[in-house]
Amino acid sequence: MSDPDCLFCKIVDGEIPGDVVHSTDHSVAFRDVNPQAPTHVLVVPRGHHRDAAALAAADPAGVADLVDAAAHVAAAEGLEGYRLVFNTGEAAGQTVFHTHLHVLGGRPLSWPPG
Ligand code: AMP
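Residues numbered from 1 in each chain as written. Predicted model: local features only at pLDDT ≥ 70, side-chain atom pairs only at ≥ 80, totals over all residues. Heavy atoms only, no water.

**Focus: the site of the ligand**
- Around the ligand there are 16 residues in total, and Asp 32, Asn 87, Gly 93, Thr 95 and His 102 lie nearest to it.
- One of the side-chain N or O atoms of Asp 32 is found 2.5 Å from an oxygen atom in the ligand.
- In this structure, Gly 93 approaches the ligand through a main-chain N or O atom, which is 2.8 Å from an oxygen atom.
- Taking 500 Å² as the accessible area of the ligand by itself, protein coverage stands at 82%.
- A majority-of-atoms criterion places the ligand in the largest pocket.
- Those elements that provide at least two residues to the shell around the ligand are helix H1 (7-12) and strand S2 (27-31).
- Counting residues per element, the shell around the ligand draws most heavily on H1, which supplies three residues. (Near = heavy atom within 4 Å. Polar contact = N/O pair within 3.5 Å; in protein donor to acceptor, adjacent residues only side chain to side chain. Areas by Shrake-Rupley, 256 points an atom, 1.4 Å probe, with all protein chains shown as cover. 1 Å grid on protein atoms, 1.4 Å probe; cavity = no way out; pocket = protein on both sides within 12 Å on 5 of 7 lines; lining within 4 Å. Sits in = over half its atoms within 2 Å of the grid points. Helix = DSSP H or I, 4+ residues; strand = E, 2+ residues; numbered from the N terminus.)

Below, the structure written as structure tokens:
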């Protein structure tokens, strides 16, 4: 379930370093290298799926695990509120094609997003 050409598979496998803040049997959470908020963490499944929809189709419980891990991260960071984002497809800004849930918080977050 690992793609040898995938950046986030390499972080999950420990081949390249990540600033890991939380880890379970199913997911790994690490800080985004280009943070868009004081807290910006990516939660990724250990298995390789190209986006959230592909993960939901293959492993519905895996999606719930990502959200649960995100809540754990938010609590650990002391966030009163936070935003969860799955960019899905290039047109929506997805650049890494391994499912990842952005956890953003620590500043006021405007709506609608850009
Ligand atoms: P997206 O644009 O939704 O696909 O999000 C990909 C995210 O991965 C971006 O916010 C990048 O800043 C982040 N990113 C890229 N490379 C790394 C890395 N090596 N470690 C942590 N985050 C990364």
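That shown, we press on.
**Looking at unusual backbone geometry**
- With omega at 5°, the peptide bond leading from Trp 111 into Pro 112 counts as cis.
- Following the sequence through the fold, Pro 112 ends up in the segment after strand S5 (101-105).

**Some points on the packing of aromatic side chains**
- The tally for this structure, following the rule as stated, stands at one aromatic pair.
- Consider the rings of Phe 8 and Phe 30, whose centres lie 5.3 Å apart with planes at 75°: the pair is edge-to-face. In this pair, Phe 8 sits in helix H1 while Phe 30 sits in strand S2, placing the two residues 22 residues apart along the sequence.
- Residue Phe 30 is classed as buried on the basis of its relative accessible area, which comes to 3%. (Phe/Tyr/Trp six-rings, centres within 6.5 Å; stacked < 30°, edge-to-face > 60°. Buried < 20%, exposed > 50% of the residue type's maximum accessible area, 1.4 Å probe, protein only.)

**Some thoughts on the pairing of S2**
- Of all five residues in S2, four are buried; the element is thus mostly enclosed.
- Pairing analysis gives three bridges linking strand S1 (residues 20-23) to S2, with the strands arranged antiparallel. When the bridges of S2 are listed, Ser 23 appears paired with Val 28.
- Connecting the antiparallel pair S1 and S2 is a turn made up of three residues. (Pairing = 2+ DSSP bridges.)

**Side note on the pattern of salt bridges**
- If you walk through the whole model with that rule in mind, you get three salt bridges.
- The closest approach of N and O atoms between Asp 19 and Arg 31, which form a salt bridge, is 3.8 Å. Residue Asp 19 is found in the loop between H1 and S1, and its partner Arg 31 is found in strand S2; the two are separated by twelve residues along the sequence.
- Since its relative accessible area comes to 31%, Arg 31 is described here as partly exposed.
- The closest approach of N and O atoms between Arg 50 and Asp 51, which form a salt bridge, is 4.0 Å. (Salt bridge = Lys/Arg side-chain N within 4 Å of Asp/Glu carboxyl O.)

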